[in-house]
Amino acid sequence: MTRGSSTSRVSRWDGHGREHVVHVVRTGVQRTIRCETCGWRRGAQFLPWLKAEEHLAESHQATVDPTAPRQPSR
Ligand SMILES: [Zn+2]
């Protein structure tokens, strides 16, 4: 269960099936979140993942979590 990295990422898909990734980099007590799509970055001390999700939703309309179980579409 050790992934051994202080960097994690939040990825979401938009309505066009494109993946947008925000990296969460930990530097000491601070965390910096950076969007791969548009280069947006900001420091977030608390809940960086929440901020990342907000950015993805607001700037890229990317709200689909690829790791979430998908509804079977029939
Ligand atoms: Zn972005």
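Residues numbered from 1 in each chain as written. Predicted model: local features only at pLDDT ≥ 70, side-chain atom pairs only at ≥ 80, totals over all residues.

S.K.: Is there a simple way to think about the pairing of strand β1 (residues 7–14) in this case?
M.R.: Each regular strand shows side chains that alternate between the opposite faces of the sheet. Both β1 and strand β2 (residues 19–27) contribute to a ladder of seven bridges, which runs antiparallel. Among the inter-strand pairings, V10 is bridged to a residue of β2, identified as V22. With antiparallel pairing between neighbouring strands as the criterion, β1 and β2 make up a hairpin whose turn holds four residues, including G17 at a positive phi of roughly 80°. Of the strand pairs in this sheet, β1 and strand β5 (residues 62–64) are connected by two bridges, and their pairing is antiparallel. (Pairing = 2+ DSSP bridges. Helix = DSSP H or I, 4+ residues; strand = E, 2+ residues; numbered from the N terminus.)

S.K.: Would you take a moment to explain the nonpolar core for this structure?
M.R.: The tendency in soluble globular proteins is for nonpolar side chains to be buried as a group. Core analysis: the biggest nonpolar cluster contains six residues, these being V10, V22, I33, A52, L56 and A62. In this structure, V10 is in contact with V22, V24, W49, A52 and E53, ignoring residues within four places of it in sequence. (Core = buried A, V, L, I, M, F, W, Y, C linked by C-beta atoms within 7 Å. Buried ≥ 20, exposed ≤ 12 C-beta atoms within 10 Å, placed from the backbone. Contact = placed C-beta atoms within 7 Å.)

S.K.: Even after reading the chapter, I still don't get unusual backbone geometry, so can you show me in this structure?
M.R.: Of all residues except glycine, most have a negative phi; of all peptide bonds, most are trans. Within the chain, L47 stands out as a residue other than glycine whose phi angle is a positive 45°. C-beta crowding within 10 Å serves as the criterion here: with 11 such atoms nearby, L47 is assigned to the exposed category. With a phi angle near 50°, Q61 is a residue other than glycine that sits in the positive phi range. Among the structural elements, Q61 can be located in the loop between α1 (48–60) and β5.

S.K.: Where do I start with the sheet that holds β2 in this structure?
M.R.: Each strand in a sheet pairs with another by means of backbone hydrogen bonds, the pair being arranged parallel or else antiparallel. Judged by pairing direction, the sheet is antiparallel, and its five strands sit side by side in the order β4-β3-β2-β1-β5 without closing on themselves. Each of the sheet's edge strands pairs with one partner strand only, and the pair in question is β4 (41–43) and β5. The average undirected angle you get between the axes of adjacent strands in this sheet is 35°. Relative to β4, strand β3 (residues 30–35) runs antiparallel, the two sharing three bridges. Paired with I33 across the two strands is R42, which belongs to β4. (Axes fitted to C-alpha atoms, helices over the stretch in contact; angles between N-to-C directions.)

S.K.: Looking at this structure, how should I read the pairing of β3?
M.R.: Relative to β3, β2 is paired through six bridges, and the arrangement is antiparallel. What sits directly across from T27, in β3, is Q30. As consecutive antiparallel partners, β2 and β3 are separated by two residues, and within that stretch G28 has a phi angle of approximately 65°, a positive value.

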